[in-house]
Structure formats: structure tokens, C-alpha cells
Amino acid sequence: MGKLVIADNLSLRYENSEIIKPSSFNINSGDFVFLTGVSGSGKTTIIKSLYGEIKPSGGKLLVGEFDLKNISKSKLSLLRKHLGIVFQDFKLIPEWNILKNVMLPLLIAGVNKTDAENLAMEYLNRVKLSHKADKFPEELSGGEQQRAAIARATIHNPVMILADEPISGLDEYSASLVMDLFIKANRLGITIVIASHSIPSDFSINFRQLHIEKGYVYELS
Ligand SMILES: Nc1ncnc2c1ncn2[C@@H]1O[C@H](COP(=O)(O)OP(=O)(O)OP(=O)(O)O)[C@@H](O)[C@H]1O
Ligand SMILES: [Mg+2]
């Protein structure tokens, strides 16, 4: 399979501290990747770099056809249309009900409202949230918001899903619903990158592990 992400001596920094030191790694199209490391090691920082929120401070970062070091605003929004992102703090739109939040990527893609609504209900059903469709984010528990955010990130068949701690804080049942969604997406060929402290012990499908330690990214296997 082709390379979807190429990080070549990539470094990432916030003003005065270098969080990721020159590291090289690739992600192939169709990979299921866990990005691991202790709290503060830089998992979220790498996820942010992959959707262009943080620019490389050194080296190279290619995602698909896009060079994230010198990407224009319009190309960046094009790239993001092909990504499904689960943020560590969910980022649901507070003024929109859950159904409309989940519809968002479809509306951006130009899908008509009825089709978008139907598909969003189906995805809410998959994460056992269809009964909350007309509620607003603040009316949901943290775990419910997390599951809605995951439905939103998977609904438009993105090329790659970037999920930042998608199952932390979920009980076993909700965590397995969420992991099942990712596994199903991966079977459709969608590349999955999950930032997580740890890997579920019963995880049965083939995966890769990129581990951050002391600022460097290593492949563990
Ligand atoms: N906006 C920022 N400005 C300056 N430093 C930051 C910023 N965001 C994160 N950092 C620092 O970068 C380091 C890595 O943070 P990051 O959020 O990537 O860690 P993480 O591995 O995702 O941790 P966690 O498991 O707690 O989510 C931390 O030391 C953090 O303090
Ligand atoms: Mg984080």
C-alpha cells in the first residue's frame, strides 16, 4: 500500500520548547496505528501536525499529496475534508443538536439534508445515541459527547481518521462500541491513527505502534 504520511526528520515545537525532536516515520494507507507515550510526551502535538494545526519546525511532513510545511489555507481545508478528526476535547458545536453535529462533515461535502440526516441517524445508532439526536452537547455526558464526536469523524468515509484519546474515560462497553467503529472503518480501507496512553489488551486486529519517548518517535513491534 502507498505511503499516506511521510515524516522525515520531523520536529515540532511550541515557541521555546521542542516537543518532537527530529524523527522519521511513515504511515501507510490502510494502517491501523496506535500513537503511544506518557502524558505530555507529544501525542496531541503529532495529531495536530497531521491536520496542519501545527507546522513542522524542521524536517518534512507529507500527508497524501500535501506538504504541510508550506500548505496554503485553501489546500489545508481540502486536506481536512478528507480527514476525520476526534479531538481530545470533542469540539462539538454547542449551538447545534447532536444530529446536526454528526451531519456536519456531510453538509460540508455537499450531501443533501435528508440524506445527511438519515446517515447521521444511522451513525448515532451505531454508537447507541439515536435517542439523544435532538439534545445539545451540554445535555450529554462526557462519554456520550465522545461517542457523538466519533460518529461525526467517521460518517464521511474519510481517507484517514485521527483520534486523540478516543476511548479514555469510556466504560468497557462504550469503548468497545467505539473501537468497533474504527475497526469497521479500517476494513473499508480507512487509515486509523489513535493517540492513546495504552492499547486495549483484547485488541485483535493487526496494528502498528508508534511510540514517543523523550521527544523521539519510534516504531515498536
Ligand atoms: N499550545 C502550547 N503551547 C506550549 N506548550 C504546549 C502547548 N500545547 C502543548 N504543549 C506542551 O507540549 C507537550 C506535549 O503536549 P501534548 O498535548 O502533545 O501531550 P500528550 O502526549 O498529548 O499528553 P496527554 O496524554 O496528557 O494528552 C507538553 O509538555 C505540553 O505542556
Ligand atoms: Mg493529548
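Summary of the structure given here. Residue numbers run consecutively from 1 along every chain, following the written order of its sequence. By the order in which they are written, chains take letters starting at A while ligands take numbers starting at 1. The predicted nature of this model means local features are confined to residues of pLDDT at least 70 and side-chain atom pairs, given and counted, to a pLDDT of 80 or more, with totals for whole chains, interfaces and linings taken over all residues.

Here we look at the environment of Met103
So, point 1. Helix and strand assignments come from DSSP, with helices taken as H or I runs of at least 4 residues and strands as E runs of at least 2, each series counted from the N terminus. With respect to the element layout, Met103 can be found in helix H3 (residues 98-108).
So, point 2. Each C-alpha atom of the pair Met103 and Leu177 lies 20 Å from the other, and the pair is 74 residues apart in sequence.
So, point 3. Dropping the residues within four chain positions of it, Met103 is found in contact with Ala116, Glu117 and Ala120. Residues are scored as being in contact if the C-beta atoms we place from backbone atoms lie within 7 Å.

Details of the pairing of strand E3 (residues 32-36)
So, point 1. The element E3 is largely enclosed, with a buried count of five among its five residues.
So, point 2. Here E3 shows a buried face lined by Phe32, Phe34 and Thr36 and a second buried face lined by Val33 and Leu35.
So, point 3. In this structure, E3 lies alongside strand E8 (residues 191-195), joined through four bridges in parallel fashion. Bridge assignment links Val33 to a residue of E8, and that residue is Val193.
So, point 4. DSSP bridges decide pairing: two strands pair if at least two such bridges lie between them. Where E3 and strand E9 (residues 208-213) come together, four bridges link them in parallel fashion. Following the sheet pairing, Val33 is matched in E9 by Arg208. To assign burial, the other C-beta atoms lying within 10 Å of each residue's own C-beta are counted, with C-beta atoms placed from the backbone; 20 or more indicates buried, 12 or fewer indicates exposed, and intermediate counts indicate partly exposed.

Some details on the nonpolar core
So, point 1. Residues Val102, Leu124, Ile161, Leu162 and Val193 are the most contacted members of the largest nonpolar core, which totals 58 residues.
So, point 2. Dropping the residues within four chain positions of it, Val193 is found in contact with Ile27, Val33, Leu35, Leu50, Met160, Ile161 and Leu162. By our criterion, buried Ala, Val, Leu, Ile, Met, Phe, Trp, Tyr and Cys residues that link up through C-beta atoms within 7 Å make up a nonpolar core.

Examining the sheet that holds strand E6 (residues 83-86)
So, point 1. Ordered in space as E6-E7-E8-E3-E9-E10, the six strands form an open sheet in which the pairing is mixed. Each of the sheet's edge strands pairs with one partner strand only, and the pair in question is E6 and strand E10 (216-220). Sheet twist, expressed as the mean angle between neighbouring strand axes with direction ignored, is 15°.
So, point 2. Axis geometry follows a simple rule: fit a line to the C-alpha atoms, using only the stretch in contact for helices, then measure angles between N-to-C directions, giving values from 0 to 180 degrees. Against the sheet, helix H6 (residues 172-187) touches E3, strand E7 (160-164) and E8, its axis set at about 150° to E8.

A few points about the packing of H3 against helix H4 (residues 113-126)
So, point 1. Interaxial distance between H3 and H4 falls to 9 Å at its minimum, and their mutual angle equals 120°. By the angle between their directions, the pair H3 and H4 is classed as oblique. Of the two possible hands of crossing, H3 and H4 adopt the one that is right-handed. Contact residues: H3 offers Ile98, Leu99, Val102, Met103, Leu106 and Leu107, while H4 offers Ala116, Glu117, Leu119, Ala120, Met121, Tyr123 and Leu124.
So, point 2. Within the contact of H3 with H4, the residues separate by chemical class into 12 nonpolar, no polar and one charged. Reported orientations rely on four angle classes, namely roughly parallel under 35 degrees, roughly antiparallel over 145, roughly perpendicular from 65 to 115, and oblique for the rest. By the definition used in this description, the sense in which the near helix is turned from the far one sets the handedness, with an anticlockwise turn below a right angle giving left-handed and a clockwise turn giving right-handed. Ten residues, namely Ala, Val, Leu, Ile, Met, Phe, Trp, Tyr, Cys and Pro, are considered nonpolar, four, namely Asp, Glu, Lys and Arg, are considered charged, and the remaining ones, Gly among them, are considered polar.

Section: the environment of Ile199
So, point 1. Within the secondary structure layout, Ile199 lies in the loop between E8 and E9.
So, point 2. A count of 13 C-beta atoms within 10 Å places Ile199 in the partly exposed class.
So, point 3. Spatially, the C-alpha atom of Ile199 lies 9.0 Å from that of Gln209, the residues being 10 residues apart in sequence.
So, point 4. In this structure Ile199 touches Phe34, Thr36 and Gln209, once residues within four positions along its chain are discounted.

Here's the deal with the packing of helix H5 (residues 142-154) against H6
So, point 1. One way to put it is that H5 packs onto H6 with a least axis distance of 11 Å and a crossing angle of 5°. Considering the angle they form, H5 stands roughly parallel to H6. Contact residues: H5 offers Gly143, Arg147, Ile150 and Thr154, while H6 offers Ser174, Leu177, Val178, Leu181 and Ala185.
So, point 2. Counted by class, the contact of H5 with H6 contains five nonpolar, three polar and one charged residues.

Some words on the environment of Ile54
So, point 1. Residue position: Ile54 is located in the loop between helix H1 (43-50) and strand E4 (58-63).
So, point 2. A residue is classified by how many C-beta atoms lie within 10 Å of it, and Ile54, with 20 of them, is buried.
So, point 3. Taking the C-alpha atoms as reference points, Ile54 and Lys128, 74 residues apart in sequence, are found 34 Å from one another.
So, point 4. Excluding its chain neighbours within four sequence positions, the residues that come into contact with Ile54 are Leu12, Thr45, Lys48 and Ser49.

Read these as spatial facts, not as claims about activity.
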